[in-house]
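Chain and residue survey
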Amino acid sequence: RLFRQDGTCYQKVKRVLHAAVPERLHARDKEMGVIRQFLRDHVCECRPGSLYISGAPGTGKTACLSRVLLDCKDELARSKTIVLNCMSLSSPQGVFPAVAQQLGLPPAAGRDGVRRLEKQLTTAQGPMVLLVLDELDQLESKGQDVLYTLFEWPRLPGSRLVLVGLANALDLTERSLARLAARPHGGPQILHFPPYTREQLVAILQERLGQVAGDPVLDATALQFCARKVSAVSGDARKALDVCRRAVEVVELEVRSQTLLKPLSGGE
């Protein structure tokens, strides 16, 4: 009975330390407000536009956008939302057939396919299309034709496209899309996610662990130590969660070993 109780406790702690989208994201109210307002100004108001979200891994870019999309589900109901992770594409040009498939069009292979997709997004009647491209830097190519095409579509007459791109690089638009800035309407709106500080990481860990009743498995000193080390290197919340989850696994193995080797008394 003791072993089963301990095992249940550790399993609960490991579950709350997962990296999935939480109900509340610490220290990201400002960034979520910017994303929410952008979607309302462009998708809900039928105004094409683009937003580039940058930040190091684990700073909450994808989690915040996913949370906002969930919270604004009813507001975005009239639009078509397409979410693609560019890491899953075999090549930068593969983004076009992937988008075409989501829109129910024939595969957009080659220039004819791209032109057909562009026509669908700029001349055909229909709902606004919200295209979210995570890991956007995977679409960098020779001449940056793919990125330029995608970011130019919202600027075309009659466009129904709202583009949101996420990537780690802060300077991707300046480095790879410099020509956009020279256009009359400039480049995309920029939103940067800074690394988490030590205090913010501690708050994130405490909030997760507070979801499990009973005595804490990880004490406050351990959380402070973990947060200080991770914030000094990267400010990556996912790394802090991984470190704590691994620590719990180590303790769980030790407890299991001690329980299995514990001598049994008399009638037991």
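Anyway, here's the lowdown on the structure attached to this text. Since the structure is predicted, the reported quantities are computational estimates derived from the model, not experimental observations.

**Topic: the sheet that holds strand β5 (residues 189–193)**
- Here we have five strands laid out as an open sheet, ordered β2-β3-β4-β1-β5, and parallel in their pairing. Edge positions in the sheet fall to β2 (80–85) and β5, since each of these pairs with one other strand and no more. Averaged over neighbouring strand pairs, the angle between their axes works out to 15° when direction is ignored.
- In this structure, strand β3 (residues 129–134) lies alongside strand β4 (residues 161–167), joined through five bridges in parallel fashion. Following the sheet pairing, Leu 131 is matched in β4 by Leu 163.

**A short note on the pattern of salt bridges**
- For the structure on display, the rule yields eight salt bridges.
- The shortest N-O distance in the salt bridge between Glu 75 and Arg 40 comes to 3.0 Å. Placement of the pair is Glu 75 in the loop between α3 (61–71) and β2 and Arg 40 in helix α2 (residues 29–44), with a sequence separation of 35 residues.
- Taken together, the shared-partner salt bridges connect Lys 14, Glu 252 and Arg 256 into one network.

**Observations regarding the nonpolar core**
- Counting residues in hydrophobic clusters, the biggest one holds 31 residues, and the most contacted among them are Val 95, Leu 131, Leu 133, Leu 136, Leu 139 and Leu 150.
- Those residues within four positions of Leu 131 in sequence are excluded, and the remaining contacts are Ile 82, Leu 84, Val 99, Leu 150, Leu 161, Val 162, Leu 163 and Val 164.
- Val 43, Cys 64, Leu 130 and Val 162 belong to the second largest nonpolar core, which has 23 residues in total.

**Considerations on the packing of helix α9 (residues 198–209) against helix α10 (residues 220–233)**
- Contact geometry of α9 with α10 gives a least axis separation of 8 Å together with a crossing angle of 135°. Put simply, α9 runs oblique to α10. Once α9 is placed against α10, the crossing between them reads as right-handed. In this structure, α9 uses Arg 198, Leu 201, Val 202, Leu 205, Gln 206 and Leu 209 to contact α10, whose residues at the interface are Leu 223, Gln 224, Cys 226, Ala 227, Arg 228, Val 230 and Ser 231.
- Each residue belonging to the contact of α9 with α10 can be placed in one class, and the counts come to eight nonpolar, three polar and two charged.

The rules behind the values
- Residues numbered from 1 in each chain as written.
- Predicted model: local features only at pLDDT ≥ 70, side-chain atom pairs only at ≥ 80, totals over all residues.
- Heavy atoms only, no water.
- Pairing = 2+ DSSP bridges.
- Helix = DSSP H or I, 4+ residues; strand = E, 2+ residues; numbered from the N terminus.
- Axes fitted to C-alpha atoms, helices over the stretch in contact; angles between N-to-C directions.
- Salt bridge = Lys/Arg side-chain N within 4 Å of Asp/Glu carboxyl O.
- Core = buried A, V, L, I, M, F, W, Y, C linked by side-chain atoms within 4.5 Å.
- Buried < 20%, exposed > 50% of the residue type's maximum accessible area, 1.4 Å probe, protein only.
- Contact = heavy atoms within 4.5 Å.
- Parallel < 35°, antiparallel > 145°, perpendicular 65-115°, else oblique.
- Left-handed = near helix turned anticlockwise from the far one by under 90°.
- Nonpolar A, V, L, I, M, F, W, Y, C, P; charged D, E, K, R; others polar.

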